[in-house]
Amino acid sequence: MNSQKILVCAAWPYVNGDIHIGHLAGYFIPADIFTRFCRLKGIDTVFVSGSDCHGTPITVEADKRGITAKELVSEYIPKVHEIIEQYGIDYSLFTSTITDNHKKVTQEVFLNLFKNGYIIKKKSQQYYSESDNKFLPDRYVEGECPFCHAKGQRADQCEVCGRTIGLGELIEPYSKLTKAPVTLKETEHYFVDFPKLENSIKEYVLNHENAWKDWVFKETIGFINEGLQERAITRDLDWGVEIPVDELPENQRIEFAGSKRFYVWFDAVIGYLSATIEYCNSKNLDYKDYWNNKDCLHYYFMGQDNLTFHTIFWPGQLIGQNLYYNLPYFPSIVKFLNANGQKLSKSRGNIIDAKQVANHFGADAIRFYITSILPENKEGNWDWTDFKNTINAELVGNIGNFVHRVLTFYKNKLSAEKFEAELDSAVETKINETFTVVSDLLEKNQFVAALNEVKKFSTYGNQYFDYNKPWEKLKLAPQEANKIIFNCLQIVNSLRILFYPFIPEASHRLSNTLGLTNLNPTPGTNQFQFTSLPLTDINLVENLVPLFKKLEETDVEAFTASV
RNA sequence: CGCGGGGUAGAGCAGUGGCAGCUCGUCAGGCUCAUAACCUGGAGGUCGUCCGUUCGAAUCGGACCCCCGCAACCA
């Protein structure tokens, strides 16, 4: 990873509900760890995302509540910003898909695809409700299964007999929302000609076989090998980015274009490009330095439900621009996070709300735990007993205790006189090794393993302390005790740097405790490495308090009972 | 036969033909500067099931069972 620049793209939260631990594990936290790490390495790193505001589910939710879609998203957007603030997610820009800039960029992307021959128009039959005067996606249509005659089945598949239901085969279809009857009606839409882009997309994917995670590559290539199909990019809906149909020749316009909008999947991914442009405009930068510069690597963070959109469709949209845009370099995709062994779902009532849980336990504890159970290659599970054990044993008992025992020993027994001592070569080697290993793992987006190395490093500190017994040396050979604590302080200072990507609040608290300025990433300066800290730089605070607070049995009970 | 992932100690995982391991938890003893960590020792496995290949299988082949994601209108 010797690139000059990095663009970090995190998936866009869909703003029809509150943020929960699944969103945190899926992209907020891994993308933030990576961004903070890159910046500390001195790499110019831009980190963009925003609220995904369009699509039918938003309009349905708004209807249900008797407000407009615009009002609904305006209510949720500030809530997402609160989460970002609370967890310290270090975005360069967190915008939304309802900006004028996004609208303009989306339309340009469409027009380029059209100009380059990748857009076709096609008529098809879709369910339409006369009484509601609107088209309905299959997911909102129910009826009787034509095979087993089970009632209340979804339009595409019967859950009772398992058979696939073809368009128009459902008996007495009706709207799930209003129960009004629906009928098939013809409608015209634009499609992206993915069969035409298939070879280019496949070539792109094959070029990344060794770089991507094994399962990500397999899923992607498996999907492509089934043959890509034309994919609709417009909907009969009044909420979304308008179609710039006036810019097209008359015989290429779809009918009733004014009552249609771009399909949400099409405009949401374009957000990565539009957000970079918005950010660069606000900073007097050129977005091409990030999108056309081959030394700028693009990392994408998302959950597995988003895989094909980022490894197939979005690259296809970009290739079809013929503007030589950078394609995704590494899709950092995680599987799902369950809670107490079950899939997160509102109906099961096991959603763990991101805001509530951080209010109760602190963002650091949540960041630490989620990172330790990140579903990198298989599903992860949030378990309250495991949560308490992890926090108490690893974060508090091992890491926090090491920092605290060193600082209290230094303050209470030694710091009256400032001393300088030799760095033990074994300690120096260990510190350097740790930075190298953690750095390598973070570059490869192996966050669980990277955090494990930090834990091991703290264990090493504890072992070094115990083995050298400074409390005994204090009586017999005070100089020896000085040397041991000097070495331990170097480990503590290294932990302060290692914390920065994972638990930034703790890194800041430790800086304050030591009387040092907070770490401040500077382009071109690598701070993610060992730097000897002279003791004259340390000005310990008067009242030493432990970095992390131990969880009592009742803490978890109080939280789970309160939600 | 739609595509893909998975099943190994209480939990989470590593292990692709040669004595079944790691982290956490757990039990006993030691040490003690600290929110107590560390050290030493122990308990805990039918490696999903069955069949096969082999001197030897968690590992290779076959069949089956179970769990999960995707399946193009779930963002």
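All values reported here derive from a predicted model rather than from experimental measurement.

Conventions adopted
- Residues numbered from 1 in each chain as written.
- Chains lettered and ligands numbered in written order.
- Predicted model: local features only at pLDDT ≥ 70, side-chain atom pairs only at ≥ 80, totals over all residues.
- Heavy atoms only, no water.
- Helix = DSSP H or I, 4+ residues; strand = E, 2+ residues; numbered from the N terminus.
- Rg over C-alpha atoms; globule rule 2.2 N^0.38 Å.
- Buried < 20%, exposed > 50% of the residue type's maximum accessible area, 1.4 Å probe, protein only.
- Contact = heavy atoms within 4.5 Å.
- Near = heavy atom within 4 Å.
- Polar contact = N/O pair within 3.5 Å; in protein donor to acceptor, adjacent residues only side chain to side chain.
- Pairing = 2+ DSSP bridges.
- Core = buried A, V, L, I, M, F, W, Y, C linked by side-chain atoms within 4.5 Å.
- Phe/Tyr/Trp six-rings, centres within 6.5 Å; stacked < 30°, edge-to-face > 60°.
- Lys NZ or Arg CZ within 6 Å of the ring centre and 35° of its normal.
- Disulfide = S-S within 2.5 Å.
- Expected span 1.5 Å × (residues − 1).
- Bend = angle between axes of the 7 residues up to and from the residue.
- pLDDT = per-residue confidence, 0-100.

Engineer: Which residues make up the overall build of chain A, and what values go with them?
Structural biologist: Counting secondary structure elements, chain A contains 18 helices and 16 strands. Relative to its length of 563 residues, chain A is compact, with a C-alpha radius of gyration of 27 Å against a globular reference of 24 Å. Dimensions of chain A, computed from the C-alpha atoms along their principal axes, are close to 90 × 50 × 40 Å. By the burial criterion, 55% of the 563 residues in chain A qualify as buried. Counted over contacts in chain A with a minimum sequence separation of 6, partners at least 24 positions apart contribute 77%.

Engineer: Summarise the protein's contact with RNA strand B; cite the residues concerned and give the values.
Structural biologist: Near RNA strand B you find 45 residues, and of these Y14, Y263, F309, E379 and P546 are the closest. Within 4 Å of the protein, the atoms of RNA strand B are drawn from sugar and phosphate moieties in a proportion of 66%. Within the side chain of Q126, a nitrogen or oxygen atom sits 2.3 Å from a base nitrogen of RNA strand B. Contact between RNA strand B and F548: a base nitrogen at 2.7 Å from a main-chain N or O atom of the residue. Put simply, the parts of the chain that give the surface near RNA strand B at least two residues each are α6 (214-225), α12 (384-414) and α14 (447-468).

Engineer: Before we move on, can you summarise the sheet that holds strand β9 (residues 183-192) with the specific residues and values?
Structural biologist: The strand order across the open sheet formed by four strands is β5-β4-β9-β10, and the pairing between neighbours is antiparallel. Bordering the open sheet on either side are β5 (134-135) and β10 (231-232), each of which pairs with just one other strand.

Engineer: Go over the sheet that holds strand β7 (residues 153-154) with me, naming the residues and quoting the values.
Structural biologist: Across the sheet, three strands lie side by side as β7-β6-β8; this open sheet has antiparallel pairing. Because the sheet does not close on itself, it has two edges, and the strands there are β7 and β8 (171-175). Sheet topology places strand β6 (residues 141-144) next to β8; three bridges connect them, and they run antiparallel. Paired with V141 across the bridge in β8 is S175.

Engineer: How would you sum up the nonpolar core? Please name residues and give values.
Structural biologist: By size, the foremost hydrophobic cluster in this structure holds 177 residues, and its most contacted members are L24, Y87, F266, W291, F361, W382 and F387. When sequence neighbours within four positions are dropped, the list of residues in contact with F361 reads I366, W384, F387, L551, D555, V556 and F559. One finds V60, Y127, Y140 and L170 within the second-largest nonpolar core, a separate group that totals nine residues.

Engineer: So what's going on with the packing of aromatic side chains? Which residues, and what values?
Structural biologist: Note on aromatic pairs: each is described by the distance of the centres and the angle between the planes. Using the criterion set out here, one finds 41 aromatic pairs in the structure. An aromatic cluster of at least three residues, connected via ring pairs, comprises F110, Y190, F194, F223, F262, W265, F266, F309 and F313. The ring of Y500 carries the charged tip of R36 above its face, separated from the ring centre by 5.1 Å. Its end group placed over the ring of F191, K122 keeps NZ or CZ at 4.7 Å from the ring centre.

Engineer: Give a description of the state of the cysteines that names residues and reports values.
Structural biologist: This structure, assessed with the given rule, holds zero disulfides. Of the cysteine sulfurs around C9, a residue in no disulfide, the closest is that of C296, at 8.8 Å. Under the relative-accessibility criterion, C9 is labelled buried at 0%. The structure places no disulfide on C38, whose sulfur is separated from the nearest cysteine sulfur, that of C296, by 11 Å.

Engineer: Describe in detail helix α9 (residues 307-319), supporting the description with residues and values.
Structural biologist: In a regular helix each residue adds 1.5 Å, so 13 residues correspond to 18 Å; α9 covers 18 Å between its end C-alpha atoms and thus fits that length. Of all the bends in α9, the largest measures some 30° and sits at F313, one to four residues before the proline P315. Counting buried positions along α9 gives 13 out of 13 residues, so the element sits mostly inside the fold.

Engineer: Explain the pairing of strand β1 (residues 5-10) to me, and be specific about the residues and the numbers.
Structural biologist: In terms of burial, β1 is a largely internal element, six of the six residues being buried. Burial along β1 is two-sided: K5, L7 and C9 and I6, V8 and A10, pointing in opposite directions, are all buried. Strand direction decides the pairing type here: β1 and strand β13 (residues 296-303), joined by six bridges, are parallel. Its bridge partner lying in β13, K5 is registered against C296.

Engineer: Could you give me a rundown of the confidence of the model for chain A, with the residues and numbers involved?
Structural biologist: Per-residue confidence for chain A gives a mean pLDDT of 90, with 97% of residues at or over 70. Considering each helix and strand of chain A separately, the mean pLDDT is smallest for β7, with a value of 76, and largest for helix α8 (residues 288-291), with 97. The complex prediction reports pTM at 0.95, with the ipTM value standing at 0.87.

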